[in-house]
Amino acid sequence: MKTIYFVRHGESEANAGGIIQGGSKTPLSERGEKQATFVGERCSKLSIDAIIASPFLRTRQTAELIAEHVNLPIEYSDLFVEWDRGSFRIGKRANDPAIKQTEMDLITHLCEQDRRLADEENFNDLNKRAEAALTFLEKRPESHILVVGHGLFVRILIGRAVLGKDYTGRDCEHFIKTFRTTNTGITILQYQPEDAWGPWRVLAWNDHAHLG
């Protein structure tokens, strides 16, 4: 049996400013650093054998603050980066009506597996990456793994874990729309390959009690 703790990064400067983040270079805000410290203190009370993080700056900084409490090295993997929703959105205000409509178009049309508005990841891309990320975790030798990642991709990955090969773009849309994640919220998955009901179980979703 294996336990995976998914932690969303702390608040970034772009989160705080309502700006769509530019991939890998957005740092944590002052509040985000405090959030990462709080979750690091909480993680120090958990049994953790390995820390894996997205290489984006906001996840690296969050993982580093957690690692100070857990005293483990950090391994970085591109499998856990955020959903790339297209370079045309970067730097725009999230509340811009045109951008909000584009966001809805991207999510709604995930059911059309090969559809692409521009250079974003479509459902086929996301599904393959989620499957690869889960396989990567399944094959790890550690029993307790902490993954520092991103809000949207964690939702996408959880959907794939729960529904397996039956996962569709419409399912993905529902997971994105109806599941919410808080900065440094903890989501816990359990992997038990011999379980007749299926290998993956969700034990906790977006637990952020450490934030008060």
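Residues numbered from 1 in each chain as written. Predicted model: local features only at pLDDT ≥ 70, side-chain atom pairs only at ≥ 80, totals over all residues. Heavy atoms only, no water.

Things to note about unusual backbone geometry
Inclusion rule: The helix and strand labels rest on DSSP assignments: H or I over at least four residues marks a helix, E over at least two residues marks a strand, and numbering proceeds from the N terminus. Burial here depends on accessible area, computed with a 1.4 Å probe over protein chains only, as a share of the maximum for the residue type. Under 20% is buried, over 50% is exposed, and the range in between is partly exposed.
Backbone geometry at Asn71 places phi at a positive 60°, although glycine is not the residue there. Tracing the backbone shows Asn71 in the loop between α3 (57-70) and β3 (74-76). The class of Asn71 is exposed, set by a relative accessible area of 68%. Backbone geometry at Thr184 places phi at a positive 70°, although glycine is not the residue there. Structurally, Thr184 can be placed in the loop between α7 (169-178) and β5 (186-191).

So, α3
Operational definition: A helix is expected to span 1.5 Å for every residue after the first. Only heavy atoms enter the contact rule, under which two residues are in contact if any of them lie within 4.5 Å.
Across its 14 residues, α3 extends 20 Å between first and last C-alpha, which sits within 8% of the 20 Å expected from 1.5 Å per residue. For α3, the full list of buried residues reads Arg58, Thr59, Thr62, Ala63, Leu65, Ile66, Ala67 and Val70. Summarising the contacts, the buried residues of α3 are in contact with β1 (2-8), α2 (30-43), β2 (50-53), β3 and β4 (144-149). After α3 finishes, the residue Asn71 shows a positive phi value of roughly 60°.

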